[in-house]
Amino acid sequence: MYKRQSDVTPGATDTDGDGLSDEEEAALGTDPSVADTDGDGLGDGAEVNTWNTDPLDKDTDDDGLNDGEEVLDWGSDPNDPDTDKDGLEDGPEVFDHGTDPTDADTDDDGLEDGQEVNETLTDPTDDDSDDDGLLDGREVNETNTDPLDPDSDNDTLLDGDEVDNYGSDPNKADTDDGGVFDLSLIHISEPTRLGMIS
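Residues numbered from 1 in each chain as written. Predicted model: local features only at pLDDT ≥ 70, side-chain atom pairs only at ≥ 80, totals over all residues. Heavy atoms only, no water.

Peer 1: Please clarify how the pattern of salt bridges should be interpreted in this entry.
Peer 2: Once their charged atoms are close, side chains differing in charge can pair, the charge on each being opposite to the other. Enumeration according to the criterion identifies four salt bridges in this entry. The salt bridge partner of Asp164 is Arg138, with a shortest N-O separation of 3.0 Å. One end of the pair, Asp164, is in helix α7 (residues 159-166); the other, Arg138, is in helix α6 (residues 136-143), with 26 residues separating them in the sequence. Look at Arg138 and you get partly exposed, because its relative accessible area is 26%. Among the charged side chains, a salt-bridge network with shared partners connects Arg138, Glu142 and Asp164. (Salt bridge = Lys/Arg side-chain N within 4 Å of Asp/Glu carboxyl O. Helix = DSSP H or I, 4+ residues; strand = E, 2+ residues; numbered from the N terminus. Buried < 20%, exposed > 50% of the residue type's maximum accessible area, 1.4 Å probe, protein only.)

See the structure below:
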C-alpha cells in the first residue's frame, strides 16, 4: 500500500491539477506537469489520496491489471492481487479465464473459480461443464460424479438424468446389481421413475 500524503495545501502550486502540490510531487518523484505520471488511468492525487496506490507503478499489486483498470473497469482492489479471494489473481481472471475478479464463483455453480481452474479443471464460466444436467458444484460436492464426463458410469445415461429423473446411481451402471445396465431397465419399463430401482 502506498503511503497517503496530505491534500494540496491552500495556496500551494499544483501545475497539473492532479490534487498533489508540486512540492509533494517532487517528494514522491512524480511529474508535476503530468496529472497521471504512470499512465494507468488514475491521476496522481487520486492514487495517493483516495486509492493508496503507487503513482509511479501502473500495477501497484502486480496482478496483471493496471490500477486504473481495477478501479474504473472492474471494481477490483488495486492493492490486492486476488480481490475475491478465489485463488486466482485479478489479471489472469480477466485475461486468461474470462472470470469476474470480484466474484469468487463467476458461474454460480458452487465451485470457486480458482478451484475450477486449479483442481477440478472445469470451466469457471460454465455452470455445467459437461452438459449433463448437473451443476459442476453438485457433481463435486453431492453426487461424487465426474464434472467433465456427462456419463460417469458409462451406462449411456446422463448423470443428471440418473439423479433427477430416474433415481438411479450415476456412479454405478447397474444400480440394483441385477445384472442389467440401468439403460436397459429404463427402456423396458422406466422402473426408476416409479421408484423401483433403489
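Peer 1: Would you mind showing me how to read the side chain of Asp86 here?
Peer 2: Along the chain, Asp86 turns up in the loop between α3 (67-74) and α4 (90-97). In this view, Asp86 contacts Glu93, Asp103, Ala104, Glu112, Asp113, Gly114 and Gln115; residues no more than four positions away in its chain are not counted. (Contact = heavy atoms within 4.5 Å.)

Peer 1: Honestly, the confidence of the model for the chain in this entry has me stumped. Any pointers?
Peer 2: If pLDDT is low for a region, its predicted coordinates should not be looked at in detail. Per-residue confidence for the chain averages 90 on the pLDDT scale, and 88% of its residues sit at or above 70. Scored below 50 in pLDDT, residues 191-198 shows 17 contacts in the model against residues more than four places distant or in partner chains. (pLDDT = per-residue confidence, 0-100.)

Peer 1: Can you help me understand unusual backbone geometry in this one?
Peer 2: Residues apart from glycine generally show negative phi values, whereas peptide bonds are mostly found in trans. Despite not being glycine, Asp108 shows a phi value in the positive range, around 55°. Along the chain, Asp108 falls in the loop between α4 and α5 (113-120). Even without being a glycine, Asn144 presents a positive backbone phi close to 55°. Looking at the element boundaries, Asn144 is found in the loop between α6 and α7.

Peer 1: When you look at the environment of Thr13 in this model, what are you seeing that I'm missing?
Peer 2: Mapped onto the fold, Thr13 is located in the segment before α1 (22-28). In the structure, Thr13 is positioned 19 residues away from Pro32 in sequence and 9.5 Å away in space, judged by C-alpha atoms. Sequence-distant contacts of Thr13, that is, excluding residues within four places in its chain, are made with Ser21 and Asp22.

Peer 1: Can you walk me through α7 in this structure?
Peer 2: Working note: α-helix, 3.6 residues per turn, so residues spaced by three or four point in the same direction. Within α7, burial applies to Asp159, Gly160, Glu162 and Tyr166. Among the residues trailing α7, Gly167 stands out with phi positive, at a value near 70°.

Peer 1: I would appreciate a short explanation of α4 in the present structure.
Peer 2: Turning to α4, its buried residues are Asp90, Gly91, Glu93 and Val94. Those residues of α4 hidden inside the fold are in contact with α3 and α5. The positive-phi residue at the C-terminal boundary of α4 is Gly98, with phi of around 70°.

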